[in-house]
Amino acid sequence: MTEETVTIPTSGGALAPTLRPPAATVGALGWVRANLFNGWFNTLLTLLSLYLVWLIVPPLVKFLIVDAVWTGTSREDCLAEKVGRPVGACWPFVRAKFTQLVYGFYPWDQHWRVDLTFALGAALLVPLLIPRVPYKALNAVLFFGVFPVVAFVLLVGGVFGLQHVETRAWGGLLVTLVVAVTGIVVSLPLGILLALGRRSRLPIVRTFSVIFIEFWRGVPLITVLFFATYMLPLFLPNTWTIDGLLRALVGVALFSAAYMAEVVRGGLQAIPRGQNEGAMALGLGYWKMMGLIVLPQALKVVIPGIVNNFIGLFKDTTLVMIVSIFDFLGQLRAAFADPNWSTPSTLFTGFAFAGIVYFIFCFGMSRYSLFVERRLATGYRR
Amino acid sequence: MATEAHAPPRVAFYNDPRFRGIFYQLALFLVVLWLGYEFVSNARDNLRAARIATGLGFLDNTAGFSINQTLIPYTESDTYARVFLVGLLNTLLVAVIGIVLATILGFVVGIARLSPNWLLQRIAGAYVELIRNLPLLFQILFWYLAVLGALPGPRQSYSLFGEVFLSNRGLFIPRPLYGEGFVWVVVAFALGVIASIAVRIWARRRQQATGAQFPVLWTALGLIVGLPAVALVATGVPLGFEAPTLRGFNFVGGIRVIPEFVALLLALVTYTAAFIAEIVRAGILAVSHGQTEAAYSLGLRAGPTLRLVVIPQAMRVIIPPLTSQYLNLTKNSSLAVSIGYPDLFAVFAGTTLNQTGQAIEIIAITMAVYLVISLFTSALMNWYNARIALVER
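Residues numbered from 1 in each chain as written. Chains lettered and ligands numbered in written order. Predicted model: local features only at pLDDT ≥ 70, side-chain atom pairs only at ≥ 80, totals over all residues.

A. Molecular detail of the overall build of chain A. Helix and strand content of chain A: 15 helices and zero strands. Over its C-alpha atoms chain A spans a radius of gyration of 29 Å, topping by over 25% the 21 Å that the globule rule assigns to 382 residues. With respect to the three principal axes, the spread of C-alpha positions in chain A is 110 × 80 × 40 Å. Counting the 382 residues in chain A, one finds 30% classified as buried. Relative to all contacts within chain A whose residues are 6 or more apart in sequence, the contacts with residues 24 or more apart total 67%. (Helix = DSSP H or I, 4+ residues; strand = E, 2+ residues; numbered from the N terminus. Rg over C-alpha atoms; globule rule 2.2 N^0.38 Å. Buried ≥ 20, exposed ≤ 12 C-beta atoms within 10 Å, placed from the backbone. Contact = placed C-beta atoms within 7 Å.)

Listed below in structure tokens is the structure:
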């Protein structure tokens, strides 16, 4: 075969010099043209978006940082008339109310117990969350088994010479975290049991599970809390007096267990039947089959759902405020009522602070769940 | 020998799965029965000791408190049963309006998150992340205390065209006044709707038979808007508006929307819309890109591709989680109690419970109402879901 000769157009025998691409298609300018200003519609959207950003971001920065008052002792320092300039956020208000927002009315000289509990929890939780740290099983037992007991003894007191502190004195972030952690620790095992019950072949077990799950999922959490606060004491022998916080905890735990059960059920349904049959063929009984073969795979699939539930639970802890338990948000609302700090910017300052705290917790959880999801997505990734 | 080898192995009766199943179920049943019995007998003793009346007789008693938003006539001398009805209607009002607005906002934000416009996509993403990571109760209180609480009084209220006023007393909008011939406008509107449906059916048949398309949307719009407009002019415009006017320290005339309603609606809509946006995004992403490319290669333009190929498939993924968001919104409307919007929970499980002390009946009724709303909505959406579900072999 003969090769065809290709004639390259040349100018005067030499190759034409390579031209740079047009400046408008590369670099930052090219990116802006391709992503923001391609066509009249997109340009309009970009301009509208820019207007929106301009409307929100500069005033926010101005309020939170530029015009904010950072030091002071009373409302006088946060009043525009007294300061002589426009006043943004009144951060001294947050500083003055900080202990109330974190500890509630926990006795001043006993704050170290709360601090110690927080520190213990963090010291056990952080290594549990970092995959590279060894001794995961021991760590998990300590966090889910031992820590709740230690925290209970530390916070309630009455033994080992610790002063007894009634739960009515608890408040703020302490209550928020107690409700959230209890809800999480109780709802996961209860939810797994309910999910197994709903998938069971035993008709009575299945019926009870379905009724339980559908009932709690069909009513708002606030009615559950009212149920636990006002109705539960009527159903128990009148010699039992149940602590107000404990009642709310029971309500939250039952409620979130029902939601957890549905998430776990989704995971159980995603596992092919062959896994069950394989386990049975190996001679494993029901609990070994579930505990060793099915649940580890099922729970892995639904980790995002479980963490979403945890985030929902954390946000829902705010509802205990309605049954007169002063959680973080409840304490914030109580702090607003203080006439010593009533300024035009107090409300926005308080909400900004509380918003940042809630956002850090929830956003942190969702980012961690994404991280775990990516780490565990080994079996299904190609 | 052979028959012996195939005989089932003898196991002790306590190792027989059938016996175990029956035993466990019987045990569970007895435990639940015992718990139920304990609850009932304890409740009877406790109620007797506390001298609380039982039964639903309290529903006929006079309520004696006022409610600041009623859709049906209500006075303080009405009964608790009437209070229940007023609260239920208020709950349904905020739920229905909230669902409609949250769906619109949610779809807009969800589509914006998939926009090729980088800036818009980021703004929508920031909105979703911010709203979803803050508690709803926090947002309700924020709107009510901080935003609406900071509004000026009626004299300095914000106004739109001098007809709509927003102040710390609430939102004032004009009240429509219907004249004598207005019924004909309604009739014309109904005729327009019926005619549009007829045109749609006819156009569909014609397209299936001949392939020719007919501009159904524009025709329907013309019929639904045009016919009532003609009727309105023909009957001499029997429609007026009573605008709210400032008199003294407050407005008179018009319709007053209480600030509690505005705050609750704002919080519920923005909160639920963030979740709906994620559902919409996931639904659209679930339709494989090959579908869009195939539609383009068949010669469909972007609009028809979205309308005829992508959205019908995405809806299958979107509907089930969307239903649970609607239910969540309805259930979350009970948080109204925190700012004093008179919904079912606030007036019935709140005020009525405080006044009568009949916790069991009132909480049971309240829970039952939400349960019925939930089950009814799920049934409706399941029916719709089954209708649009993929028909497989």
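B. Local environment of helix α5 (residues 136-148) of chain B. Along α5 of chain B, the largest kink reaches about 30° and is centred on Phe 142 of chain B. Counting buried positions along α5 of chain B yields ten of 13 residues, so the element is predominantly enclosed. Burial in α5 of chain B covers these residues: Leu 136, Leu 137, Phe 138, Gln 139, Ile 140, Leu 141, Phe 142, Trp 143, Tyr 144 and Leu 148 of chain B. Where α5 of chain B is buried, its residues touch α13 (303-316), α14 (328-336) and α15 (346-376) of chain A together with α8 (259-286) and α10 (302-332) of chain B. (Bend = angle between axes of the 7 residues up to and from the residue.)

C. Broad picture of the pairing of strand β2 (residues 164-167) of chain B. Residue and element names in this part refer to chain B. Relative to β2, strand β1 (residues 158-160) is paired through three bridges, and the arrangement is antiparallel. Among the inter-strand pairings, Tyr 158 is bridged to a residue of β2, identified as Leu 166. Count of turn residues in the β1/β2 antiparallel hairpin: three residues, of which Phe 161 carries a positive phi of about 55°. The pairing of β2 with strand β3 (residues 170-173) spans three bridges and is antiparallel. Following the sheet pairing, Ser 167 is matched in β3 by Gly 170. If you look at the hairpin formed by β2 and β3, you'll find two residues sitting between the two strands. (Pairing = 2+ DSSP bridges.)

D. Structural view of the sheet that holds β1 of chain B. All names here are of chain B. With respect to topology, four strands assemble into an open sheet ordered β1-β2-β3-β8, the strand pairing being antiparallel. A strand with exactly one partner marks an edge of an open sheet, and here the two such strands are β1 and β8 (255-257). Taking the axes of each pair of neighbouring strands and ignoring which way they run, one obtains an average angle of 15° across the sheet. By the bridge criterion, three bridges tie β3 to β8 in an arrangement that is antiparallel. Considered in β8, the bridge of Leu 171 is made with Val 257. (Axes fitted to C-alpha atoms, helices over the stretch in contact; angles between N-to-C directions.)

E. Local environment of the confidence of the model for chain B. Of the residues in chain B, 96% have a pLDDT of 70 or more, and the chain-wide mean is 83. ipTM for the predicted complex: 0.84, alongside a pTM of 0.83. (pLDDT = per-residue confidence, 0-100.)

F. Main features of the environment of Thr 167 of chain A. Residue and element names in this part refer to chain A. Inspection of the secondary structure puts Thr 167 in the loop between α6 (136-156) and α7 (172-198). Taking C-alpha positions, Thr 167 is 9.3 Å from Ile 325, a pair spaced 158 residues apart along the chain. Aside from chain neighbours lying at most four places away, what touches Thr 167 is Asp 243, Gly 244 and Leu 245.

G. Inspection of helix α4 (residues 118-132) of chain B at higher detail. With 15 residues, α4 of chain B should cover 21 Å at 1.5 Å per step; its first-to-last C-alpha distance of 21 Å lies within 8% of that length. All buried positions along α4 of chain B are accounted for by Leu 119, Leu 120, Ile 123, Ala 124, Val 128 and Arg 132 of chain B. Where the residues of α4 of chain B are buried, they touch α2 (40-66) of chain A together with α3 (80-113) and α8 of chain B. (Expected span 1.5 Å × (residues − 1).)

H. How the structure looks around the interface of chain B and chain A. Counting from both sides, the interface comprises 47 residues of chain B and, opposite them, 45 residues of chain A. Those elements giving two or more residues to the side of chain B that touches chain A turn out to be α2 (17-50), α4, α5, α10, α11 (344-356) and α12 (359-388) of chain B. Split into classes, the residues belonging to the side of chain B that touches chain A amount to 32 nonpolar, twelve polar and three charged. (Nonpolar A, V, L, I, M, F, W, Y, C, P; charged D, E, K, R; others polar.)

I. Geometry of the nonpolar core. Ranked by internal contacts, the top residues of the largest apolar core, which has 141 residues, are Leu 174, Ile 222, Leu 225 and Val 264 of chain A together with Leu 137, Ile 140 and Leu 264 of chain B. Counting residues per element, this core draws most heavily on α8 of chain B, at 16 residues. Sequence-distant contacts of Leu 225 of chain A, that is, excluding residues within four places in its chain, are made with Ala 248, Gly 251, Leu 319, Val 320, Ile 322 and Val 323 of chain A. Residues Ala 188, Leu 223, Leu 227 and Ala 231 of chain B belong to the second largest nonpolar core, which totals five residues. (Core = buried A, V, L, I, M, F, W, Y, C linked by C-beta atoms within 7 Å.)

J. Inspection of the packing of α7 of chain A against helix α8 (residues 203-218) of chain A at higher detail. Residue and element names in this part refer to chain A. One way to put it is that α7 packs onto α8 with a least axis distance of 7 Å and a crossing angle of 125°. Our classification of the angle between α7 and α8 gives oblique. Here α7 and α8 pass one another in a crossing that is left-handed. Counted together, Leu 194, Gly 197 and Arg 198 of α7 and Val 205, Arg 206, Phe 208, Ser 209, Val 210, Phe 212 and Ile 213 of α8 form the full contact between these two elements. (Parallel < 35°, antiparallel > 145°, perpendicular 65-115°, else oblique. Left-handed = near helix turned anticlockwise from the far one by under 90°.)

K. Up close: the domain arrangement of chain B. Along its sequence, chain B is organised into domain 1 (2-50) and domain 2 (80-150 + 258-388). Distance from the C-alpha centre of domain 1 of chain B to the C-alpha centre of domain 2 of chain B: 42 Å. (Domains from an automatic or database assignment.)

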